[in-house]
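# Chain and residue survey
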Amino acid sequence: MSPAAGLERAVLPLLRRLDPEVAHDLGLAGLNCLRPFWPVPAIPASLSVRSFGLQFSHPLGLAAGFDKNGDYLDALGALGFSHIELGTVTPRPQPGNPKPACSEFRQRRADQPHGLQ
C-alpha cells in the first residue's frame, strides 16, 4: 500500500465525521505539514499542453476557491497540479460565500464531478 493510500485510509474516515468546512481546513493544514515529505511527481513531457498562450506541464490544474487565501500553494503544487488558480486578489479580505460553502457527495462516483451527470 502506498503512503498516500495508507494516509487516506487512516484520515479520511475521521474527516468525514467533521463539518465539511472544518474538514477542508484540517485537510489543507495536513497537506502543509506533509509537504516536505511528499515526493515530487515525475511528469512525462508528452503531457505538456499549450492553452491561451501559456505552456503547462500537463492539463490537470486546480480551480479557484480551494485555497481562498493562497496559504497552501506549495503544498498543493507538491501534489502535482500543473497550475493553481487563486481567483481575484483584493486589497481587503472578502466575506466569501455563505456557509456552508463546502459540501460532500459521498455517493457520487469519481467519474461524476460536481455539476456533471
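As shown above, the structure is provided for reference.
What this report covers is the structure whose coordinates are included nearby. (Residues numbered from 1 in each chain as written. Predicted model: local features only at pLDDT ≥ 70, side-chain atom pairs only at ≥ 80, totals over all residues. Heavy atoms only, no water.)

The next point concerns the overall build of the protein chain. Each helix and strand in the protein chain was counted, giving three helices and four strands. Secondary structure of the protein chain in N-to-C order comes out as α-α-β-β-β-α-β. Contacts in the protein chain between residues far apart in sequence, at least 24 positions, make up 44% of those at least 6 positions apart. Counting every atom, the protein chain has about 9300 Å² of accessible surface; 60% of that belongs to carbon and sulfur. (Helix = DSSP H or I, 4+ residues; strand = E, 2+ residues; numbered from the N terminus. Contact = heavy atoms within 4.5 Å. Areas by Shrake-Rupley, 256 points an atom, 1.4 Å probe, with all protein chains shown as cover.)

With that settled, the discussion passes to helix H1 (residues 3-15). End to end, H1 covers 18 Å across 13 residues, agreeing with the expected 18 Å (1.5 Å per residue, within 8%). Of all the bends in H1, the greatest reaches close to 30° and is centred on Arg9; the proline Pro13 follows between one and four positions later. (Expected span 1.5 Å × (residues − 1). Bend = angle between axes of the 7 residues up to and from the residue.)

Moving on, we come to unusual backbone geometry. Even without glycine at this site, Phe52 takes up a positive phi of about 55°. Counting through the fold element by element, Phe52 comes out in the loop between strand S1 (49-51) and strand S2 (54-56). By relative accessible area, which is 84% here, Phe52 ends up exposed. (Buried < 20%, exposed > 50% of the residue type's maximum accessible area, 1.4 Å probe, protein only.)

On to the environment of Pro3. Tracing the sequence through the fold places Pro3 in helix H1. Relative accessible area serves as the criterion here: at 74%, Pro3 is assigned to the exposed category.

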